[in-house]
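# Structural features, examined
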Amino acid sequence: MERTIRVLVAKPGLDGHDRGAKVIARALRDAGMEVIYTGLRQTPEQIVSAAVQEDVDVVAMSILSGAHNHLFPRVMELLKEKGVEDVLVIGGGVIPDDDIPGLKGAGIAAVFTPGSPTGDIIEFIKKNLKRKA
Amino acid sequence: MDDSAVSADRVRAGDARATARLISMIEREDPSRLAVLKALHAYGGKAHVVGITGPPGAGKSTLTDKLVGDLRGRGRKVAVIAVDPSSPFTGGAILGDRIRMQRHATDDGVYIRSLATRGHLGGLSRAASEAVRVLDAAGYDDVIIETVGVGQSEVDIVRIADTVVLVSVPGLGDDIQAIKAGVMEIGDVFCVNKADKDGAERVVREIRAMLETAVLNGAATRFTPLFEARSALRGDAGNAGGATEAVASRGPAEQGAFHHITAQATGHPNLEIPPVVKTVAETGEGIGPLVDEIKAHEAALAATGFLRSRREANLAWELGRGAAQRVLSELERDESRETLAELARSVLDRGIDYYDALDALEDAMKRTQRAATTA
Ligand code: B12
Ligand SMILES: Nc1nc2c(ncn2[C@@H]2O[C@H](COP(=O)(O)OP(=O)(O)OP(=O)(O)O)[C@@H](O)[C@H]2O)c(=O)[nH]1
Ligand SMILES: [Mg+2]
């Protein structure tokens, strides 16, 4: 049987821009995935805890406030602390190109900036799942 | 983490990852879950299973969040299963109940899991009952299940929960018709949420009136066990319907047990109906009293022995459904399909009639079963 892909869509930090996160949530739902949306203003601790309890395959974070260089790596750190290594982590939002290599170095598999077609995002997820589908 | 790392010991030790993965295995009906579920079996039966149901947007998630907070304050470990619908077209889902509960995400005494219905009708997901058993065995004192927003017929929750909280709100329509008969009958505790809005008092009155009428008519079957229990305790089982009998001879122990149905100021001292509690989930108003009533219901069930009989009835129903499921999968095997096609041809050719064909089918299935058990 084909496995259903479960994705946590989260907004870390104090950033209130949630349109992008909601667009992504709906696009992934329409691609047949189960999306757990945790709402605004999540701490990295809350995000990691929810990812564990929900047994998601993907953590997808959206930041438009500029705090990505701190928050994304912090989530990766906490995941590692909990021994969670089979979850694909991706990010998106208003993120300068110059910051992307650093984020990838920290373990964020891909970063999608404004204008990214949702089809590309869906395809990336399907191709890069860490657990066998 | 590999699926094979999931064990009863890890689940019992409060390992959220193992618990979460086991629930995923249940969701996709992975046969390897069974060994773990069997190993957990001995530890179950202790949790109070509470269902929260009601129309879309009534505030079920917000209430659940507050219930969790209150129960944590009472020193209890709490698990939540929150169900949202899957899209019938894509199979995808947005599970948003958790948004309201995220303040508990980092509390080790709380486990929250969102489930999509994955095509199951009835307000729950197929995985719900096995997931409840896992969380029970994992040591959570209360397991709260939030159903999808229900309309008129999604009443699966009564097959799982010890106590069903039916949430309604002002402004649903002209009257309580919006959540009609089938759904209204399943409440053990009634909650009128959004009591900060106009018309809450009226909803309370309408629910009380509906309950009184139902009890008088003997129609509210969900309440009957409690009347029977009370009658049995008093030794007058002859009056099983019990709704209109005198209650003068009630002893103090019984009064405790039946607190939740007798404490109602209904204007009819002989009526014993479920409580109706007003809440404002957003501010937490009325949550303490709501939890008190939920716990009083459990106490009443336990004191009368009806906790056991309710669970027995629910399990019997679930076993029946499990057996039916096995028969259905049996019928989907190639050999069964062939037998079915043959029988159909005989019926079409007027060789045998439809009922003979059914009998022949039943015999054939019993034979394969016997062959399987002796093999
Ligand atoms: C709309 C908007 C608002 C709305 C937000 C409404 C809402 N509920 O979302 C309002 C008016 C409230 C607002 C307020 C503010 N805003 Co504003 N806002 C914007 C604006 C114009 C568009 C954002 C948007 O909704 N785009 C549409 C969505 C669909 O696109 P998106 O979010 O980029 O998502 C796409 C991709 O990025 C990607 N993606 C996004 N997230 C994710 C996640 C994953 C996992 C993946 C895979 C992909 C992905 O996929 C999406 C589809 O392609 C941007 C400028 C811009 N052009 O981006 C500024 C912008 C984000 N805002 C900005 C600022 C500064 C603010 C304010 C601080 C302004 C102020 N001084 O008050 C406040 C702060 C609000 C808060 N509480 O955080 C700055 C941020 C600067 C920075 N990063 O350094 C921007 C960039 C404008 C600018 N150029 O200065 N804002
Ligand atoms: N005024 C008022 N609004 C409330 C109250 N409780 C919840 N709400 C609001 O009602 C809306 C729906 O609340 P939820 O808790 O998501 O309702 P729900 O029943 O879980 O919704 P579904 O799961 O989608 O069926 C939210 O905007 C809440 O903030 C309340 O007591 N008063
Ligand atoms: Mg909800």
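Up top is the structure these notes are about.
Description of the structure in this document.

Moving on to the overall build of chain B. The helix and strand inventory of chain B stands at 14 helices and eight strands. Within chain B, buried positions represent 49% of all 375 residues. In chain B, the share of contacts with a sequence separation of at least 24, taken over all contacts with a separation of at least 6, comes to 72%. Counting every atom, chain B has about 17400 Å² of accessible surface; 53% of that belongs to carbon and sulfur.

For the rest of this paragraph, the subject is a nonpolar patch on the surface. Residues and elements named next belong to chain B. A surface patch of nonpolar side chains, about 370 Å² in accessible area, is lined by Tyr354, Tyr355 and Leu358. Within the fold, Tyr355 resides in helix H14 (residues 354-374). On the basis of relative accessible area, Tyr355 is assigned to the exposed category, the value being 59%.

Counting 50 residues, the largest nonpolar core has B:Leu22, B:Leu40, B:Ile81, B:Leu135, B:Ile145 and B:Ile207 as the members making the most contacts within it. When we break this core down by domain, the ones giving at least three residues each are domain 1 (1-43) and domain 2 (44-223 + 273-304) of chain B. Not counting the four nearest positions on each side in its chain, B:Ile81 is found in contact with B:Arg113, B:Leu115, B:Ala128, B:Ala131, B:Val132, B:Leu135, B:Ile144, B:Ile145 and B:Glu146. Counting 29 residues, the second largest nonpolar core, distinct from the first, contains A:Ile47, A:Val59, A:Leu79 and B:Leu95.

With that settled, consider the side chain of A:Gln42. With respect to the helices, strands and loops of the structure, A:Gln42 is situated in the loop between strand E2 (34-37) and helix H2 (44-53). Engagement of the side chain of A:Gln42 in a polar contact is seen with the backbone oxygen of A:Leu40, the distance being 3.1 Å. If sequence neighbours within four positions are ignored, A:Gln42 has contacts with A:Lys11, A:Pro12, A:Gly13, A:Ile47 and B:Gln102.

You will see that the cobalt atom of ligand 1 has only one donor from the protein, A:His17 (NE2), lying 2.1 Å away. Topologically, A:His17 is positioned in the loop between strand E1 (6-10) and helix H1 (19-30).

Residue and element names in this part refer to chain B. Closest axis-to-axis distance for the helix H13 (residues 334-348)/H14 pair is 9 Å, and the angle between their directions is 160°. Viewed along their axes, H13 and H14 adopt a mutual orientation that is roughly antiparallel. Taken as a pair, H13 and H14 cross one another with a handedness that is right-handed. Residues Thr339, Leu340, Leu343 and Val347 of H13 form the contact with H14, whose own contacting residues are Tyr354, Ala357, Ala360, Leu361 and Ala364. Considered class by class, the residues forming the contact of H13 with H14 number eight nonpolar, one polar and no charged.

Bringing the sheet that holds strand E8 (residues 276-278) of chain B into the picture now. All names here are of chain B. Ordered in space as E4-E2-E5-E1-E6-E7-E8, the seven strands form an open sheet in which the pairing is parallel. Each having just a single partner strand, strand E4 (110-116) and E8 make up the two edges of the open sheet. Taken pair by pair, the neighbouring strands of this sheet meet at an average axis angle of 20°, ignoring direction. The pairing of strand E2 (residues 78-84) with strand E5 (residues 142-146) spans five bridges and is classified as parallel.

As summarised here, the arrangement of the six strands in space is E5(A)-E4(A)-E3(A)-E1(A)-E2(A)-E3(B), forming an open sheet in which the pairing is parallel. Lying at the two open borders of the sheet, with one neighbouring strand each, are strand E5 (110-112) of chain A together with strand E3 (93-95) of chain B. Going across the sheet, the axis of each strand differs from the next one's by a mean of 25°, ignoring polarity. Of the strand pairs in this sheet, strand E4 (residues 88-93) of chain A and E5(A) are connected by three bridges, and their pairing is parallel. Of the residues in E5(A), the one forming a bridge with A:Gly92 is A:Phe112.

For the rest of this paragraph, the subject is the site of ligand 1. Residue and element names in this part refer to chain A. Taken together, 25 residues sit near ligand 1, with Gly16, His17, Asp18, Ser62 and Leu64 positioned nearest. Secondary-structure elements contributing two or more residues to the shell around ligand 1 are H1, strand E3 (58-63) and E4. By residue class, the composition of the shell around ligand 1 is 10 nonpolar, 12 polar and three charged.

Many descriptions give the size of an interface as the accessible area lost when the pieces come together. In this assembly, 28 residues from chain B lie in contact with 30 residues from chain A. Carbon and sulfur atoms supply 48% of the area buried between chain B and chain A, which totals about 2400 Å² over both sides. Three residues, B:Arg17, B:Ile94 and B:Gln102, lead the burial of chain B against chain A; their summed loss comes to 24% of the area buried on that side. Viewed at the interface, chain A and chain B are joined by six salt bridges. Linking chain B with chain A are 23 residue pairs in polar contact (both at pLDDT 80 or more). Of all the secondary structure elements, the ones that give two or more residues to the side of chain B that touches chain A are helix H2 (16-27), E3 and E4 of chain B. Two elements, E2(A) and E3(B), share three bridges in a ladder whose sense is parallel.

Quick look at the environment of B:Trp317 now. Residue and element names in this part refer to chain B. With respect to the helices and strands, Trp317 occurs in helix H12 (residues 306-331). Overall, the relative accessible area of 29% leaves Trp317 in the partly exposed class. Those residues within four positions of Trp317 in sequence are excluded, and the remaining contacts are Asp156 and Arg159.

Below, the discussion takes up the side chain of B:Asp65. All names here are of chain B. In this structure, Asp65 sits in helix H4 (residues 60-73). There is a polar contact of 2.9 Å between the side chain of Asp65 and the side chain of Arg103. Once residues lying within four places of it in the same chain are set aside, the contact partners of Asp65 are Arg100, Met101, Arg103 and His104.

Moving on, we get to the pairing of E4(B). Residues and elements named next belong to chain B. Burial analysis of E4 places seven of its seven residues in the buried class, which makes it a mostly covered element. Side chains Val110, Ile112, Ser114 and Ala116 project from E4 onto one buried face, and the interleaved Tyr111, Arg113 and Leu115 project onto a second face that is buried too. Bridge analysis of E2 against E4 gives seven bridges, and the strand direction is parallel. Bridge pairing links Ile81 to Arg113 in E4.

Here we take up H13(B). Look at H13(B): 21 Å from first C-alpha to last across 15 residues, which is about the 21 Å you get at 1.5 Å a residue. Backbone geometry just after H13(B) places B:Arg350 at a positive phi near 60°.

Applying the stated criterion across every chain yields a total of three aromatic pairs over all chains. Relative to A:Phe124, the ring of A:Phe112 has its centre 5.9 Å away and its plane inclined at 75°; by these criteria the two rings are edge-to-face. Of this pair, A:Phe112 sits in strand E5 while A:Phe124 is found in helix H5 (residues 118-128), placing the two residues 12 residues apart along the sequence. Residue class for A:Phe112 comes out buried when judged on its relative accessible area of 16%. Above the face of the B:Tyr43 ring, B:Arg12 is positioned so that its terminal group lies 3.7 Å from the ring centre. Lying across the ring of B:Tyr140, B:Lys77 places its NZ or CZ 4.9 Å from the centre.

Calculation notes
Residues numbered from 1 in each chain as written. Chains lettered and ligands numbered in written order. Predicted model: local features only at pLDDT ≥ 70, side-chain atom pairs only at ≥ 80, totals over all residues. Heavy atoms only, no water. Helix = DSSP H or I, 4+ residues; strand = E, 2+ residues; numbered from the N terminus. Buried < 20%, exposed > 50% of the residue type's maximum accessible area, 1.4 Å probe, protein only. Contact = heavy atoms within 4.5 Å. Areas by Shrake-Rupley, 256 points an atom, 1.4 Å probe, with all protein chains shown as cover. Patch = residues over 30% accessible without salt bridge, like charges linked within 9 Å, V, L, I, M, F, W, Y side chains within 5 Å. Salt bridge = Lys/Arg side-chain N within 4 Å of Asp/Glu carboxyl O. Core = buried A, V, L, I, M, F, W, Y, C linked by side-chain atoms within 4.5 Å. Domains from an automatic or database assignment. Polar contact = N/O pair within 3.5 Å; in protein donor to acceptor, adjacent residues only side chain to side chain. Donors = N, O, S within 2.8 Å, 3.2 Å for Na, K, Ca; no water. Axes fitted to C-alpha atoms, helices over the stretch in contact; angles between N-to-C directions. Parallel < 35°, antiparallel > 145°, perpendicular 65-115°, else oblique. Left-handed = near helix turned anticlockwise from the far one by under 90°. Nonpolar A, V, L, I, M, F, W, Y, C, P; charged D, E, K, R; others polar. Pairing = 2+ DSSP bridges. Near = heavy atom within 4 Å. Buried area = accessible area lost by both parts, 1.4 Å probe. Expected span 1.5 Å × (residues − 1). Phe/Tyr/Trp six-rings, centres within 6.5 Å; stacked < 30°, edge-to-face > 60°. Lys NZ or Arg CZ within 6 Å of the ring centre and 35° of its normal.

These figures come from the coordinates and say nothing about function on their own.
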